[in-house]
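Descriptive structure summary
Below, each chain spelled out in residue letters.
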Number of protein chains: 2
Amino acid sequence: MVRWEPGTPERLQRAALELYAERGFEETTAAEIAQSVGLTERTFFRHFSDKREVLFHGQELFARAFLDGVDAVPPDASPLEVVAAALRAATVFFPDERRPYSRTRQSVIDRNPALQERELHKLASLATTLAEALRARGVTEPAATLAAQSAVTVFGIAFGQWIAEGEERSLADIADSVLGELRTVTAGPPTA
Amino acid sequence: MVRWEPGTPERLQRAALELYAERGFEETTAAEIAQSVGLTERTFFRHFSDKREVLFHGQELFARAFLDGVDAVPPDASPLEVVAAALRAATVFFPDERRPYSRTRQSVIDRNPALQERELHKLASLATTLAEALRARGVTEPAATLAAQSAVTVFGIAFGQWIAEGEERSLADIADSVLGELRTVTAGPPTA
């Protein structure tokens, strides 16, 4: 195993999260984040457009992980099989070592409406991207958007459980179980 | 039938939408909206906290319509039956006469990221409120959140179809059909 040696963006990201959690997001400046790891404010802004973005670094890779999962399933897979594969691929992004980081990040986001909006926007974009990928595979509407939104919903719920205090299951196991619950809920008795 | 006589907030709302659609959201001031219906800027701000809010007026009533649907189903109904009833109740809010207004409103929102964030936030709050109502009925997690999120997803897709050019079905009929599609998608072959 290679020891993880963070580059400049990652160092800034960890420093930012620490300060946001300690002092609050509003109370922390980009200059303070940079200084805490011996860098300048200018370096901070070379990597991130603002204080919000530092918490969303790597988000293209996260979306990419979902899409890799989509690409990996055979062309005749059902939309739900595609969703399951996309979820499984995305969970690789969140190994158990990352749980404490993710937990702190979420607690910072939960305390700030602007960050919550950014997070909602991120998840909405992810659903749009996934729906596009499903349509590119020949899935028609509204099935493509329903499957994509369901993937994002399942991911969000699974993620919330994964970072809960005391939770020890892997994100992949939780996501599988939440997807199973979705099947149970929607299979319910025919609508009245 | 009583003819609909709009009050001050409704007049401001229609005037705002007209100006936003004509000139753009950014290019329109609260003073201009008020003036266009013979009112003052001060009156505008007595009813709305800002230019964004004028497009989201009545949103508590919209959430209330969903909750009324939840309350109307028997206690032993499945989460999906509750969702179907909530959707049906909410669609009453959007009679066919409202379609042109809703269409214009959406086109304004689609062109402005700040309004899109507000809309996402509204739908996220609606899902949270619906999940609470389901938990209050004894539905456990994650079924409550899954059902609530699914209701919001189905509503969003159905609404998008309802305001599409040339669409003539009622929102209730479209929502029924999208909910049926969700059942088909999630019933698909067992996950690989």
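Reading the values: the criteria
Sequence order sets the numbering: in each chain, residues are counted from 1 along the sequence as written. Each chain gets a letter, beginning with A, and each ligand a number, beginning with 1, in the order they are written. With the structure being a predicted model, the display of local features is reserved for residues of pLDDT at least 70 and the display and counting of side-chain atom pairs for 80 or more, all residues being used for whole-chain, interface and lining totals. Each side-chain value is worked out from all heavy atoms of the structure, with water and hydrogens disregarded. For helices the rule is a DSSP run of H or I covering at least 4 residues; for strands it is a run of E covering at least 2, with both sets numbered from the N terminus onward. For every residue, the accessible area (1.4 Å probe, protein chains only) is compared with the maximum for its type, and the residue is labelled buried under 20%, exposed over 50%, or partly exposed between those bounds. Residue contacts are defined here by distance: any two heavy atoms, one from each residue, within 4.5 Å place the two residues in contact. UniProt positions are given in the numbering used here, feature names are shortened, and annotations may be inferred rather than shown by experiment. A least-squares fit on C-alpha atoms brings the copies together, and the residues used are those whose pLDDT is at least 70 in both copies. Throughout this description, the term salt bridge denotes a Lys or Arg side-chain nitrogen within 4 Å of a carboxyl oxygen of Asp or Glu. With axes taken as lines fitted to C-alpha atoms, and helix axes fitted only over the stretch in contact, angles between N-to-C directions fall between 0 and 180 degrees. In these notes the angle categories are as follows: under 35 degrees is roughly parallel, over 145 is roughly antiparallel, 65 to 115 is roughly perpendicular, and the rest is oblique. A crossing counts as left-handed when the near helix is turned anticlockwise from the far one by less than a right angle, and as right-handed when that turn is clockwise. Each residue gets one of three labels, nonpolar for Ala, Val, Leu, Ile, Met, Phe, Trp, Tyr, Cys and Pro, charged for Asp, Glu, Lys and Arg, and polar for the others, Gly among them. What a helix should span is 1.5 Å times the count of its residues minus one. Working definition: rings of Phe, Tyr and Trp (its six-membered ring) pair if their centres are within 6.5 Å, and the pair is stacked with planes under 30 degrees apart, edge-to-face with planes over 60 apart, and tilted otherwise. Only when the NZ atom of a Lys or the CZ atom of an Arg is both within 6 Å of the ring centre and within 35 degrees of the ring normal do we say a charge sits over the ring. Boundaries of every domain are those given by an automatic assignment or by a domain database. Buried area is understood as the total, over both parts, of accessible area removed when two parts are fitted together, assessed with a 1.4 Å probe. Counting of polar contacts relies on pairs of N or O atoms within 3.5 Å, with two restrictions inside protein: one atom must be capable of donating a hydrogen and the other of accepting it, and residues adjacent in sequence are counted only when both atoms are side-chain atoms.

All names here are of chain A. Relative to the assigned elements, Phe 94 resides in the loop between helix 5 (79-91) and helix 6 (99-110). Using a relative accessible area of 10% as the deciding quantity, one classes Phe 94 as buried. Along the sequence, Phe 94 and Ala 124 sit 30 residues apart, while their C-alpha atoms lie 20 Å from each other. Residue contacts for Phe 94: discarding those within four places in its chain leaves Phe 62, Ser 102, Phe 155, Phe 159, Trp 162 and Leu 171.

Let us look at the UniProt feature "DNA-binding region" (unreviewed entry) in chain A. What UniProt calls "DNA-binding region" (unreviewed entry) maps, in this numbering, to residues 29-48 of chain A. Segment residues 29-48 of chain A splits into 70% helix and 0% strand. End C-alpha atoms: 13 Å apart.

Let's shift gears to the relation of the copies chain B and chain A. Once chain B has been moved 0.0 Å along the axis and rotated by 180°, it coincides with chain A to within an RMSD of 0.0 Å. Overall, the copies show the geometry of a two-fold rotation axis. Both copies share a contact surface, since 100% of the interface residues of chain B are interface residues in chain A too.

All right, on to unusual backbone geometry then. Following A:Glu141, the chain continues to A:Pro142 via a peptide bond in cis, the omega torsion being 0°. The residue A:Pro142 is located in the loop between helix 7 (113-136) and helix 8 (143-162) in this model.

Residue and element names in this part refer to chain B. Within the secondary structure layout, Thr 91 lies in helix 5 (residues 79-91). The exposure class of Thr 91 is buried, given its relative accessible area of 7%. Contacts of Thr 91, omitting those with residues within four sequence positions, involve Leu 171, Ala 172 and Ala 175.

In this section: the pattern of salt bridges. In the structure shown here, the tally under the stated rule is 20 salt bridges over all chains. A:Arg103 serves as the salt-bridge partner of A:Glu165, at 3.9 Å between the closest nitrogen and oxygen. Of this pair, A:Glu165 sits in the loop between helix 8 and helix 9 (171-187) while A:Arg103 sits in helix 6; the two residues are 62 residues apart in sequence, bridging distant segments of the chain. Owing to a relative accessible area of 68%, A:Glu165 belongs among the exposed residues under this scheme. With a shortest N-O distance of 3.1 Å, B:Glu32 and B:Arg23 are connected by a salt bridge. Using a relative accessible area of 27% as the deciding quantity, one classes B:Glu32 as partly exposed.

What follows concerns the packing of helix 8 of chain A against helix 9 of chain A. All names here are of chain A. Running from N to C, helix 8 and helix 9 point in directions that differ by 130°, and their axes come no closer than 9 Å. The orientation of helix 8 relative to helix 9 falls into the category oblique. Crossing angle aside, the handedness with which helix 8 passes helix 9 is right-handed. Here Ser 150, Val 154, Phe 155, Ile 157, Ala 158, Phe 159, Gln 161 and Trp 162 of helix 8 come into contact with helix 9, specifically with Leu 171, Ile 174, Ala 175, Val 178, Leu 179 and Leu 182. Here the residues of the contact of helix 8 with helix 9 are counted per class, giving 12 nonpolar, two polar and no charged.

We now examine helix 6 (residues 99-110) of chain B. Residues and elements named next belong to chain B. In a regular helix each residue adds 1.5 Å, so 12 residues correspond to 16 Å; helix 6 covers 16 Å between its end C-alpha atoms and thus fits that length. Among all positions of helix 6, only Arg 99, Tyr 101, Ser 102, Arg 105, Gln 106, Val 108 and Ile 109 are buried. Those residues of helix 6 hidden inside the fold are in contact with helix 1 (8-23), helix 7 (113-136) and helix 8 (143-162).

Within this structure, the stated rule accounts for 28 aromatic pairs over all chains. Between A:Phe94 and A:Trp162, the ring centres sit 5.9 Å apart and the planes meet at 70°, which makes this aromatic pair edge-to-face. Of this pair, A:Phe94 sits in the loop between helix 5 and helix 6 while A:Trp162 sits in helix 8, placing them 68 residues apart in sequence. Aromatic pair B:Phe94 and B:Phe159: ring centres 5.3 Å apart, planes at 70°, arrangement edge-to-face. Residue B:Phe94 is found in the loop between helix 5 and helix 6, and its partner B:Phe159 is found in helix 8; the two are separated by 65 residues along the sequence. Here B:Phe94 matches B:Phe159 in class, with each residue buried. Joined through ring pairs, the aromatic side chains of A:Phe62, A:Phe66, A:Phe93, A:Phe94, A:Phe155, A:Phe159 and A:Trp162 make up one cluster. One cation-aromatic arrangement involves B:Lys51 over B:Phe25; the distance from NZ or CZ to the ring centre is 4.6 Å.

Residue and element names in this part refer to chain A. Domain boundaries assigned for chain A yield domain 1 (8-49) and domain 2 (58-187). Here domain 1 and domain 2 have C-alpha centroids that lie 28 Å from each other. Contact residues are listed per partner, giving seven residues for domain 1 and seven residues for domain 2. Taken together, the two surfaces of domain 1 and domain 2 that pack against each other cover about 680 Å², and 69% of this comes from carbon and sulfur. Counting the surface domain 1 buries against domain 2, the share from its top three residues, Leu 17, Ala 21 and Phe 25, is 63%. Run the count over domain 1 and domain 2 and you get zero salt bridges.

Facing the 35 residues of chain B at the interface are 35 residues of chain A. Between chain B and chain A, the buried area comes to about 3,100 Å², and carbon and sulfur atoms account for 69% of it. On inspection of chain B and its partner chain A, the count reaches zero salt bridges. Scanning the region where chain B abuts chain A turns up three residue pairs in polar contact (both at pLDDT 80 or more).

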